[in-house]
Structure formats: C-alpha cells, structure tokens
Amino acid sequence: MTLTSPCGNEYSVEFIVENYGNMLYKLAAAQISNKTDAYDALQDVMLKIHAIKPSWNDEEHLKAWLIRAVINKCRDYNKSTWNRRTTALDEAFHISKSDPDFELQNAVACLPEKYKTTLYLHYYEGYKIHEIAKILNVGESGIKKRLVKGREMLKAYL
C-alpha cells in the first residue's frame, strides 16, 4: 500500500517499517516494557495507517505523526484493564548485565511515562527541545523541566 502526501511524496508501509520500524519499536518497548506488546502496538499503528490513510506534508511530518501514534497507542495499552491485571513474562530490553548501558536503561524504564518519553526522544533519538514540544503538544519550558527532573530522578536512582 502506498500513501501519497499532498506534495506528491509516496510513503509505502514498507518504507515506513524499513526507515522507522526500529526507532518506533524502541519507543514502544520503553513505554510498555514488554517485547510482544510493543510489537502489537506497532502493528496497531500500521493497521491505523491502512484504515484511515492519513496524508503527511513531508517526511518529518510523517515521523512526528508515527511517534505520536505509537506514544498514544502505548498510553492506551498501559491504561487498559487487561494490562493492569497481567504480569509481564519478559523484559523489553535484553541487555547483558555487563553492558555499560544496562543500569541506565533499567533506570530509564523505571521513570514515569512523561519523563521516560522526553528523555528517550531527546537523548536516544536526538530531537531538540522545540521538536519534542511539538510532538508531545507540551510547551518548551515544560519539556525543559521534564528533562531536568528526569535527569535528577536518574541521578538519584543511579
């Protein structure tokens, strides 16, 4: 299936998965902390694309839309009654304990959602503060406060 933007750019589902699949999976895994549920969230987003056939102005708009859709789907999943009554059997990140990022990723996974998302987008994906503010529909000062508070929480944890 190929989706066309108003500018004439075509974005196939294959293009989306090849270019953004890994980043979206990591984002979903950080939000849900369960490998299979993260894949389910991504699948639901791809089904949404197929069903509503959205249009994007450019590739940056596409990427922001995908990030927002994954965050919303993960938020819905975390609020669901079914999720609150189950226990995860596996971890989202299978990192060796000897890996230098092991403690850091465990600490990030323990943070509340708003801090975890903001830190992930800023440090792992390299978004600037004003870009994160647009994606999350939060003011730039709010994003700065989340980054400061998130770093403080990580420092206290580590």
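About the criteria used
- Residues numbered from 1 in each chain as written.
- Predicted model: local features only at pLDDT ≥ 70, side-chain atom pairs only at ≥ 80, totals over all residues.
- Heavy atoms only, no water.
- Phe/Tyr/Trp six-rings, centres within 6.5 Å; stacked < 30°, edge-to-face > 60°.
- Helix = DSSP H or I, 4+ residues; strand = E, 2+ residues; numbered from the N terminus.
- Salt bridge = Lys/Arg side-chain N within 4 Å of Asp/Glu carboxyl O.
- Buried < 20%, exposed > 50% of the residue type's maximum accessible area, 1.4 Å probe, protein only.
- Lys, Arg positive; Asp, Glu negative; His and termini not counted.
- Contact = heavy atoms within 4.5 Å.
- Patch = residues over 30% accessible without salt bridge, like charges linked within 9 Å, V, L, I, M, F, W, Y side chains within 5 Å.
- Areas by Shrake-Rupley, 256 points an atom, 1.4 Å probe, with all protein chains shown as cover.

Turning our eyes to something else, we now look at the packing of aromatic side chains. According to the stated counting rule, one finds three aromatic pairs in the structure shown. Here F15 and Y20 contribute two aromatic rings whose centre-to-centre distance is 6.4 Å and whose plane-to-plane angle is 80 degrees, an arrangement assigned as edge-to-face. Ring geometry for Y25 and Y39: centres 4.6 Å apart, planes at 20 degrees, overall stacked. Placement of Y25 in helix α1 (residues 13-32) and of Y39 in helix α2 (residues 35-52) is noted, with a sequence separation of 14 residues between them.

Turning next to the pattern of salt bridges. One pass over the full model with this rule turns up one salt bridge. Between R75 and E113 there is a salt bridge, and its shortest N-O distance comes to 3.0 Å. Of this pair, R75 sits in helix α3 (residues 59-79) while E113 sits in helix α6 (residues 113-124), and the two are 38 residues apart along the sequence. With relative accessibility at 30%, the residue R75 sits in the partly exposed group.

Another aspect to go through is the side chain of R68. For R68, the location among the structural elements is in helix α3. The side chain of R68 is buried and forms no salt bridge, while E113, the nearest opposite charge, is found at 6.3 Å. Residues contacting R68, with those up to four places away along its chain left out, are R75, I135 and L136.

The next subject is a nonpolar patch on the surface. A surface patch of nonpolar side chains, about 520 Å² in accessible area, is lined by L104, Y123, Y124, Y157 and L158. Summarising the element assignment, L158 is placed in the segment after α8 (140-157). A relative accessible area of 54% places L158 in the exposed class.

Mapped onto the elements, L42 comes out in helix α2. The exposure class assigned to L42 is buried, which follows from its relative accessible area of 12%. For the pair L42 and L66, spaced 24 residues apart in sequence, the C-alpha to C-alpha distance is 9.5 Å. Look past the residues within four positions of L42 in its chain and what remains in contact with it is G21, L24, Y25 and V70.

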